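Examination of the molecular architecture
Here is how the chains run, residue by residue.
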Number of protein chains: 2
Amino acid sequence: MKSLEAYQSCINNALVSRLQGDEFSEPKGLYEPCKYILQNGGKRVRASLVLLASKMFSDSYEQALPVSLAFETFHNFTLIHDDIMDKAPIRRGIPTVHVKWDENTAILSGDAVMIIAYRFFEESGIFVPQLFRLLNKTALEVCEGQQYDVDLEKASLSDSFVSESVYLKMIELKTSVLLAACLKAGAIVGGASAEDADRMYEIGRLIGVAFQLQDDVLDTFGNEKTFGKKIGGDIRVNKKTYLLIKALQVLQNTDKEDLLHLMSDESIDEVEKFNKVVSLYNKADVKALTVSKISTYFEKAQSILEEIQIDDSKKQELRLFMTELLCREY
Amino acid sequence: MKSLEAYQSCINNALVSRLQGDEFSEPKGLYEPCKYILQNGGKRVRASLVLLASKMFSDSYEQALPVSLAFETFHNFTLIHDDIMDKAPIRRGIPTVHVKWDENTAILSGDAVMIIAYRFFEESGIFVPQLFRLLNKTALEVCEGQQYDVDLEKASLSDSFVSESVYLKMIELKTSVLLAACLKAGAIVGGASAEDADRMYEIGRLIGVAFQLQDDVLDTFGNEKTFGKKIGGDIRVNKKTYLLIKALQVLQNTDKEDLLHLMSDESIDEVEKFNKVVSLYNKADVKALTVSKISTYFEKAQSILEEIQIDDSKKQELRLFMTELLCREY
């Protein structure tokens, strides 16, 4: 993302330099996997959001660097353990930790990465107690979100648990609260008032949910080139997305039964399944329903941004970031 | 342990009451396993040491209760993940989390238990930043200790890595630093000076190492009834204990070769192997060497305890605890 490019190399350099020290050198069997995932790039969205938020309330963003590394590191901890649970072989184009080493190594070095995240927080001076509470709360919520994701995946599609409200709660906990906490933490370190820090949290929460909903739309209705991955993956693996849950809410009788059947049938041809499901999605108008929901979240986030009493020019970067998210190719 | 009995029910009650709240209720798939391990007793040694240490420097120990829960909870996090790595089926007489549920649940709820430990720390007021640094440092060291344990287990017995110094470092990191941190944290919350808090840390470190060395002695030379588990387990599974490492250091030529052979031979009869290994251990006099090492650690710990300038009566509980450890049945 263009809006975050300015921060990425700064974050990468800081992370490499912090991990080079003696503190994280021995035993190699523990720290090599930590460095492997932490230094293998990624877009550094979370760390960038911390810096961007801090700069909104301050002249510089250097004071927020340790906190930004903490959140980025925490995010990478969730990736190591999630990848074990999902049996994912590849992450950012290279083998996942549990594939390159083994599961035990991935469990233990994942634990270490989480603790390293906490260590990076130590350098935030007077803000430590407040940021500590924020990270604890957020970290536990991320675990809750992961569990709701597992619960949703295991539940039968016709179970009342598989509902719009549970789905929204799951994506909020699994993804949005971390983005929200990044914006809030950056604001705190930048010297924002408690009210403005809470506003930043709310903006992060809203755009996080919107981003996830948009991911659901793009996976089915997106352009393969601009989306960057194959279209139709969610339908192929019967994933319980917002589109599917919404369609089952809207459709009646045989349409609903057809959709339930299509999303549990293992024998049907992939292309035929995709076309039939999309046709039912269109009948239920779920693309428009979801896009409208996304817009509601974005507009709410924008109006909260307007409430923050700082120079308008200070809001440009966050506005650009939000626009980039909203304008991803449908 | 008699010296800690006074604290156990207080800790158990506090833990049950803290876990009952709404905060740790949903999703059940995440929090039930957390409560399962946290509420299934254990001796509460770590939490008790926090309270005991706090009472040495203060009239009461209530102020240290949240910190004691934090350390006990952290310890339980390590148990959940270690049990996955060791494929252990039973813990404290009931199925381990990954057996009762599954591995993914154990990974995720283990993560949550670690974060809950950090949450309990939030209630320590002005001590938060200091305790936070102490827990972070200790937590990372415990991971390092676990990795050294894995590395030692994987290494060939004739590898120079399998040495007295690496073994001592491993048990110090894996076990002692947590006991040390418990004593230090209790002292801090009880109002001890920085010097006395550091002395308490050192006492914990020394008795932790002594305790582990004693465990090695008891596993081979102990009395089955008083030790509480079958004698000879370490020899049976070719475990690299202090006794074995020390014996290989002392023995020469064919004795050394015999021991190396015995501890890698899978075909030999169990009883014959035990008797032959013990006979070589006796030839190397490793029981006496280890007991003397243990005494050195204990005496050092006792002399540091004497340096602390508090009323002698205030030291009685810790002294009793140390004596109980030292007088376990050989």
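Let us look at the structure shown here. (Residues numbered from 1 in each chain as written. Chains lettered and ligands numbered in written order. Predicted model: local features only at pLDDT ≥ 70, side-chain atom pairs only at ≥ 80, totals over all residues. Heavy atoms only, no water.)

**Notes on the relation of the copies chain B and chain A**
We count it as follows: In superposing the copies, a least-squares fit is computed on C-alpha atoms, taking residues whose pLDDT is at least 70 in both. Contact criterion: two residues are considered in contact whenever any of their non-hydrogen atoms come within 4.5 Å of each other.
With an RMSD of 0.0 Å, the fit of chain B onto chain A corresponds to turning through 180 degrees and sliding 0.0 Å along the axis. In the structure described here, the two chain copies are related by an operation that fits a two-fold rotation axis. Measuring from the rotation axis to each C-alpha of chain B, the shortest distance belongs to Pro129(B), at 3.3 Å. A high fraction, 100%, of the interface residues of chain B reappear at the interface in chain A, so the copies pair face to face through one surface.

**What to know about the packing of aromatic side chains**
So the rule is basically this: Stacked, tilted and edge-to-face pairs are distinguished by plane angle, under 30 degrees for stacked and over 60 for edge-to-face with tilted covering the rest, among Phe, Tyr and Trp rings (Trp via its six-membered ring) whose centres lie within 6.5 Å. The way it works is that DSSP assigns letters per residue, a run of H or I at least four long becomes a helix, a run of E at least two long becomes a strand, and they are numbered from the N terminus. Partly exposed describes any residue whose relative accessible area lies between the buried limit of under 20% and the exposed limit of over 50%, with all areas from a 1.4 Å probe on protein chains only and scaled to the type maximum. Consider the ring centre and the ring normal. A charge sits over the ring if Lys NZ or Arg CZ is within 6 Å of that centre and within 35 degrees of that normal.
For the structure on display, the rule yields 18 aromatic pairs over all chains. Relative to Phe132(A), the ring of Tyr118(A) lies with its centre 6.3 Å away and its plane at 75 degrees, an arrangement referred to as edge-to-face. Here the residue Tyr118(A) occupies a position in helix α6 (residues 103–121), and Phe132(A) occupies one in helix α7 (residues 128–154), the gap between them amounting to 14 residues. Comparing Tyr118(A) with Phe132(A) shows no difference in burial state: the two are buried. With a centroid separation of 5.1 Å and 85 degrees between ring planes, the pair formed by Tyr36(B) and Trp101(B) is classed as edge-to-face. With Tyr36(B) in helix α2 (residues 28–38) and Trp101(B) in the loop between α5 (97–100) and α6 (103–121), the pair connects residues that are 65 residues apart, well separated along the chain. Its relative accessible area of 30% is what places Trp101(B) among the partly exposed residues. One Lys or Arg, Lys100(B), reaches over the ring of Trp101(B) and ends 5.6 Å from the middle of that ring. Between the NZ or CZ atom of Lys184(B) and the centre of the ring of Tyr201(B), over which it lies, the distance is 5.9 Å.

**Comments concerning the pattern of salt bridges**
This is how the line gets drawn: Whenever a carboxyl oxygen of Asp or Glu lies within 4 Å of a side-chain nitrogen of Lys or Arg, that contact is scored as a salt bridge.
Scanning the entire structure with this criterion turns up 40 salt bridges over all chains. The closest approach of N and O atoms between Lys283(A) and Asp255(A), which form a salt bridge, is 3.0 Å. Here Lys283(A) is found in helix α14 (residues 270–284), whereas its partner Asp255(A) is found in helix α13 (residues 253–262), with 28 residues between them in sequence. Owing to a relative accessible area of 57%, Lys283(A) belongs among the exposed residues under this scheme. Of the charged contacts in the structure, one is a salt bridge between Lys293(B) and Glu164(B), with a shortest N-O distance of 3.5 Å. Separated by 129 residues along the polypeptide, Lys293(B) in helix α15 (residues 286–307) and Glu164(B) in helix α8 (residues 164–190) bring together distant segments of the chain. Residue classification places Glu164(B) among the buried residues on the basis of a relative accessible area of 16%. In this structure, a network of salt bridges that share partners links the residues Glu23(A), Arg119(A) and Glu122(A).

These values are about where atoms sit, not about what they do.
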